[in-house]
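# Examination of the molecular architecture
Chain residues, written in single-letter form:
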Amino acid sequence: MFEEIRDRFSEDLKSVQSLQELNNLKVKYLGKKGIITAQLKSLSTLSPSERQVVGKLINNIKLFIENEIASKELFLKDAELQNLLKAEYIDITLPGKYTSYGSEHPLNIVLNEVIDIFIRMGFNVEEGPEVELDYYNFEALNIPKDHPARDMQDTFYISEDIILRTHTSPVQIRGMLKRKPPVRFIAPGKVYRCDADISHTPMFHQVEGLMIDENITFSNLKGILVAFIHMMFGEEIPVRFRPSFFPFTEPSAEVDMGCILCKGTGCRVCKQSGWLEILGAGMVHPAVLENVGYDTEKYNGFAFGMGIERIAMLKYQIDDIRLFFENDIRFLRQF
Ligand code: DAH
């Protein structure tokens, strides 16, 4: 009879595949209502001498079953671990996934270089809105109603008095209205003009500069701009100022630097002149200072403005401005 239990158990154990099944088997034999437990309980019905013999036999089987279950448990746990290791296998010798790095856009590289140079010379950075009032963009800058820049062909009008700013110069007005002189800031940002060809895009970037104080002279303007060009392009670059006209400066100048491509001997980029125009500048017109309520007897100053795309095109020898905005990864990767 006990032999039978033992054989049945061994048979049962063979078919056990999982820890769950093993536990069921354990309950079946050793649980409160298990086969072995029932046998142990029935001992009380036997005589003391029988009890000793039968009890020993049952205990032996019980021990046998416990041992078998314990070793099967070890076996199953190990098998489970092996399965898990197989399922979660990571081949650490495989090459990693390639992540490509972005890089700074060439216009931002140049823009930040310009900003850094002027910060080192003590200028603050001022910002203004791209959607601007006609008043700040034109009127306050002494640009008369019939000025060609005000034409619908050149300016994006949103309404009669609201436009997309055509230059960063309106930030001069906003910056001066915000504070009392002396002021010294640059204003980098996007500007918009209704224009598109190989050297013009409807949106482009400018950096404006403004310095107002007592006794500012044209030599201060020259000093700052020559220093800027030398820091940007190199100490050896010659710089020249040509008389020009802007409604908001008097006198006005256009600033040229020696052609960095041909070193002044003449090439296609400088149109054989040896010079490249890179800046507009001048002494701030008293009418502009009056418009912001500055005392023109006491204060004067200079302003300048430059196009970032043009500088970047010269620096990196790019001959089509549209390349900056096409987002062609082959172009952008080169910087
Ligand atoms: N605002 C001018 C333009 O967009 C550039 C310019 C010229 C700005 C002379 C200045 C300046 O501040 O003094 O063409």
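See the structure above.
Residues numbered from 1 in each chain as written. Predicted model: local features only at pLDDT ≥ 70, side-chain atom pairs only at ≥ 80, totals over all residues. Heavy atoms only, no water.

## Remarks on the pairing of strand 6 (residues 239-246)
For a regular strand, side chains alternate in direction, first toward one face of the sheet and then toward the other. Two strands pair when backbone bridges link them, and strand 6 and strand 7 (residues 249-258) are joined in this way by seven bridges, in the antiparallel orientation. Bridge pairing in strand 7 places arginine 240 opposite aspartate 256. Between strand 6 and strand 7, which pair antiparallel in sequence order, lie two residues. (Pairing = 2+ DSSP bridges. Helix = DSSP H or I, 4+ residues; strand = E, 2+ residues; numbered from the N terminus.)

## Remarks on the environment of leucine 81
Within the secondary structure layout, leucine 81 lies in helix 4 (residues 48-87). Residues leucine 81 and lysine 298 lie 217 residues apart in sequence; the distance between their C-alpha atoms is 87 Å.

## Quick look at the sheet that holds strand 6
The sheet built from seven strands is open, its strands ordered 1-4-5-9-8-7-6 with mixed pairing. One side of each edge strand has no neighbouring strand; the edge strands of this open sheet are strand 1 (124-125) and strand 6. Along the sheet, helix 5 (residues 106-120) makes contact with strand 1, strand 4 (183-192), strand 5 (203-213) and strand 9 (300-307), crossing strand 4 at roughly 165°. Where helix 8 (residues 218-233) meets the sheet, it contacts strand 6, strand 7, strand 8 (275-284) and strand 9, and its direction lies at approximately 150° from that of strand 8. (Contact = heavy atoms within 4.5 Å. Axes fitted to C-alpha atoms, helices over the stretch in contact; angles between N-to-C directions.)

## Here we look at the site of the ligand
Around the ligand sit 15 residues, and of these His167, Ser169, Arg193, Gln206 and Glu208 come closest. Separating an oxygen atom of the ligand from a side-chain N or O atom of glutamine 206 is a distance of 2.9 Å. Within the side chain of glutamate 208, a nitrogen or oxygen atom sits 2.6 Å from an oxygen atom of the ligand. Out of a free accessible area of 350 Å², the ligand has 88% covered by protein chains. Every element with two or more residues in the shell around the ligand is listed here: strand 5, strand 8 and strand 9. Here the shell around the ligand is composed, by residue class, of five nonpolar, eight polar and two charged. (Near = heavy atom within 4 Å. Polar contact = N/O pair within 3.5 Å; in protein donor to acceptor, adjacent residues only side chain to side chain. Areas by Shrake-Rupley, 256 points an atom, 1.4 Å probe, with all protein chains shown as cover. Nonpolar A, V, L, I, M, F, W, Y, C, P; charged D, E, K, R; others polar.)

As far as function goes, none of this settles anything; it's purely spatial.
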